[in-house]
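Below, each chain spelled out in residue letters.
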Amino acid sequence: MEETAQRAAKTLEELRQAFLNWKERHRPAPVMTVAETEAQRRYFEAVNNPAATVWPVPVDLFKANVWGWLQTQGFTAESVEPSKAALSALCAYFSGSEGELSLDKGIFLYGGCGVGKTTIMRAMQKARAMFRRPLAMTNLPVYCSEVLAGDADPLTALTAKERIYDDAGAETAKIMQYGNARHIFPELIMIGYERLKRDGIMMHLTTNLAPSEIITRTGVDERVRSRLNEMFNIVLLDGVDNRG
């Protein structure tokens, strides 16, 4: 019995050591970042202090992070040329810097299918994570499916943190839950508006629909339209369908 226990302990120790060896072999290489400007130098000095919360991030530093990730997704200088102005404005906004977009409103990003709305917003999300400003992301059609399956968090929980709601307008306009009709998009806007006014928590949308189109959806009444106008910076992302 004792011999069996010893063999088991030895096996567990060998497995633990094998895992530690694997972890060491796959440790990511350190990212060397050199401050090129005085603003960047001050930023890195503050970031090296774990207690520091640095905001806003220097725009050029944030933009370099966004662009680096977009390149890994196949974006090129030529492919982003039609959306260059929008991309620059978004980088300034999500870095927390004053610019042409109001920091007191969220982002309503719209454009044709395949122009890169979701990918660009995911780039903003990843850059924000790098600079300790988390930004959540939820696909609205998938969320509606989860509601129908009974597996979804309530909208009040989703709106408790800054979040991108992707593909708004592609979800089913009206769903039935426990015999009751629900219009998820209008509900989201109404709850999000209260979060914005009470707690200053932003919400952001990506959609294929222009503002003039999304306000005609089922369940979007005058109250929702009024709140949409007040809640969002409207940003058009030009370009061609990159999926073609």
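Given the structure is predicted, the values throughout are model-derived calculations rather than measurements.

Draft legend 1. Structural detail: the overall build of the protein chain. In terms of helices and strands, the protein chain carries 10 helices and seven strands. Within the protein chain, the proportion of its 244 residues that are buried is 39%. Long-range contacts, defined here as pairs at least 24 residues apart, represent 74% of the contacts in the protein chain between residues at least 6 apart. With the model as given, the accessible surface of the protein chain reaches about 14200 Å², and the carbon-plus-sulfur share is 53%.

Draft legend 2. Structural context of the side chain of Arg217. Here Arg217 is to be found in the loop between helix H9 (211–214) and helix H10 (222–231). The buried category is assigned to Arg217, whose relative accessible area is 16%. There is a polar contact of 3.3 Å between the side chain of Arg217 and the backbone oxygen of Gly169. For Arg217, the contacting residues outside a window of four places in its chain are Gly169, Glu171, Thr172, Ala173, Phe185 and Leu209.

Draft legend 3. Molecular detail of the sheet that holds strand E2 (residues 136–139). Spatially, E2-E3-E6-E1-E7 is the arrangement adopted by the five strands of the open sheet, whose pairing is parallel. Of all strands in the sheet, those with a lone pairing partner are E2 and strand E7 (232–236), marking the two edges. Sheet twist, expressed as the mean angle between neighbouring strand axes with direction ignored, is 15 degrees. Contacting strand E3 (163–166), strand E6 (203–207) and E7, helix H8 (residues 184–199) runs over the sheet at an angle of about 155 degrees to E6.

Reading guide: rules and limits
Each chain has its residues counted from 1, following the order in which its sequence is written. Per-residue local features are limited, in this predicted model, to residues with pLDDT of at least 70; the limit for side-chain atom pairs, both in listing and counting, is 80 or more; totals at the level of whole chains, interfaces and linings are taken over all residues. To get the side-chain values, take all heavy atoms of the structure and skip hydrogens and water. Going along the chain from the N terminus, every DSSP run of H or I of four or more residues is numbered as a helix, and every run of E of two or more is numbered as a strand. Partly exposed residues are those whose accessible area sits between 20% and 50% of the maximum for their type, while under 20% is buried and over 50% is exposed, using a 1.4 Å probe and protein chains only. When checking whether two residues touch, look at their non-hydrogen atoms; a contact exists if any pair is within 4.5 Å. The Shrake-Rupley method, run with a 1.4 Å probe sphere, supplies the accessible areas, and residue values consider only the shown protein chains as cover. A 3.5 Å cut-off defines polar contacts: any pair of N or O atoms within that distance qualifies, except that in protein one atom must be a possible hydrogen donor and the other a possible acceptor, and neighbouring residues in sequence count only when both atoms are side-chain atoms. Two strands pair under a simple rule: DSSP has to find at least two bridges between them. With axes taken as lines fitted to C-alpha atoms, and helix axes fitted only over the stretch in contact, angles between N-to-C directions fall between 0 and 180 degrees.

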